[in-house]
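Single-letter residue listing:
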Amino acid sequence: MPSRIVTLRVNDAERELIAKPSTTLLSALRESFGLMGAKRGCAQGGCGACTVLLDGRPVVSCLIPVVTVEGSTVRTVEGLADGDRLTDVQEAFVDHFATQCGFCTPGMIMSATALLDRNPNPAREDVTEAICGNVCRCTGYEPIVTAVLAAAERRRAAEGATELTEAEV
Ligand code: FES
Ligand code: FES
């Protein structure tokens, strides 16, 4: 199969590349678009370091031929913060020392973000299940789980405050 042009919406911008059938989404992000947040760990689907959101769902981008996701929406860790303003999940990772070498962190943050987007009130087991495909060799996972639970609490509090304000208007 020859190379072809693939168009994606990445972090709210239209992006295009010429891809071979074997070009992965991870390679497209890193080598064609210069987005180095998603990491290449095992390149076999086993470590989660390359996790990004594809149409809102967490996927291991090292296993996805980019030609198969033409027209999709992709969010990487670079597309989370609003300028200098980190997301609740990112802030909680900082506050709870949930990162050491940082190699797993972008993938962890994307998996945690996807969890909180679909379940703002996760139990501890929901968090461990959501990150079960993300390998961390440094932290022992405990600070990561604590950070995700803290982010969920922070998000619920913020949403509660917004509802209150709207009710007062
Ligand atoms: S690099 Fe994709 S799962 Fe390990
Ligand atoms: S912080 Fe080093 S692998 Fe997770």
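Residues numbered from 1 in each chain as written. Chains lettered and ligands numbered in written order. Predicted model: local features only at pLDDT ≥ 70, side-chain atom pairs only at ≥ 80, totals over all residues. Heavy atoms only, no water.

Student: What's the story with helix H3 (residues 105–118) in this structure? I'm lost.
Tutor: Since the α-helix advances by 3.6 residues per turn, residues separated by three or four positions end up pointing in the same direction. End to end, H3 covers 20 Å across 14 residues, agreeing with the expected 20 Å (1.5 Å per residue, within 8%). Summarising burial for H3: 12 of the 14 residues are buried, a large majority. Every buried residue of H3 is accounted for by Thr105, Pro106, Gly107, Met108, Ile109, Met110, Ser111, Ala112, Thr113, Ala114, Leu115 and Leu116. (Helix = DSSP H or I, 4+ residues; strand = E, 2+ residues; numbered from the N terminus. Expected span 1.5 Å × (residues − 1). Buried < 20%, exposed > 50% of the residue type's maximum accessible area, 1.4 Å probe, protein only.)

Student: Just to check I follow, could you spell out the domain arrangement of the protein chain for this structure?
Tutor: In many reports, interface size means the accessible area that the parts give up when they come together. Partitioning the protein chain into structural domains gives domain 1 (4–79) and domain 2 (88–168). Between domain 1 and domain 2, the C-alpha centre-to-centre distance is 22 Å. Taken together, both faces of the contact between domain 1 and domain 2 bury some 1000 Å²; the carbon and sulfur share is 69%. On the domain 1 side of the contact with domain 2, Thr51, Leu53 and Val77 bury the most area, a combined 41% of that side's loss. For the pair domain 1 and domain 2, the interface holds 0 salt bridges. Taken together, domain 1 and domain 2 are joined by 3 residue pairs in polar contact (both at pLDDT 80 or more). (Domains from an automatic or database assignment. Buried area = accessible area lost by both parts, 1.4 Å probe. Salt bridge = Lys/Arg side-chain N within 4 Å of Asp/Glu carboxyl O. Polar contact = N/O pair within 3.5 Å; in protein donor to acceptor, adjacent residues only side chain to side chain.)

Student: Teacher, can you tell me more about the pairing of strand S4 (residues 57–60) here?
Tutor: A regular strand carries its side chains on alternate faces of the sheet. Sheet analysis places strand S3 (residues 51–54) next to S4, joined by 4 bridges and oriented antiparallel. If you follow Leu54 over to S4, its bridge partner there is Arg57. Following S3, the chain reverses through 2 residues before pairing antiparallel with S4; Asp55 in that reversal takes a positive phi of roughly 50°. (Pairing = 2+ DSSP bridges.)

Student: Looking at this structure, I do not really get the sheet that holds strand S2 (residues 13–19). What am I missing?
Tutor: Strand pairing within a sheet occurs via backbone hydrogen bonds; the two strands may be parallel or antiparallel. Taken in spatial order, the 5 strands make up an open sheet running S2-S1-S5-S3-S4, and their pairing is mixed. On the outer flanks of this sheet lie S2 and S4, each paired with one strand and no other. Sheet twist, expressed as the average angle between the axes of neighbouring strands with direction ignored, equals 40°. Across the sheet, helix H1 (residues 25–32) lies against strand S1 (4–10), S2, S3 and strand S5 (73–75), angled at about 105° from S3, the strand it touches most. Packing against the sheet, H3 makes contact with S3, S4 and S5, and its axis sits at approximately 35° to S3. (Axes fitted to C-alpha atoms, helices over the stretch in contact; angles between N-to-C directions. Contact = heavy atoms within 4.5 Å.)

Student: Just to check I follow, could you spell out the nonpolar core for this structure?
Tutor: Nonpolar side chains in soluble globular proteins generally cluster together in the buried interior. By size, the foremost hydrophobic cluster in this structure holds 24 residues, and its most contacted members are Val89, Phe93, Met108, Ile109, Leu116, Ile144 and Val148. Elements represented by at least two residues in this core include exactly helix H2 (88–95), H3 and helix H5 (142–168). No other element matches the 7 residues that H3 contributes to this core. When residues no more than four places from it in sequence are discounted, the contact partners of Ile109 are Val77, Leu80, Val89, Gln90 and Phe93. (Core = buried A, V, L, I, M, F, W, Y, C linked by side-chain atoms within 4.5 Å.)

Student: What is the right way to read unusual backbone geometry from this model?
Tutor: Even without a glycine there, the phi angle at Asn11 is positive, about 50°. Note on placement: Asn11 falls in the loop between S1 and S2. On the basis of relative accessibility, which here comes to 17%, the residue Asn11 falls in the buried class. Its identity as a non-glycine residue notwithstanding, Asp12 has a phi of 70°, on the positive side. Along the chain, Asp12 falls in the loop between S1 and S2.

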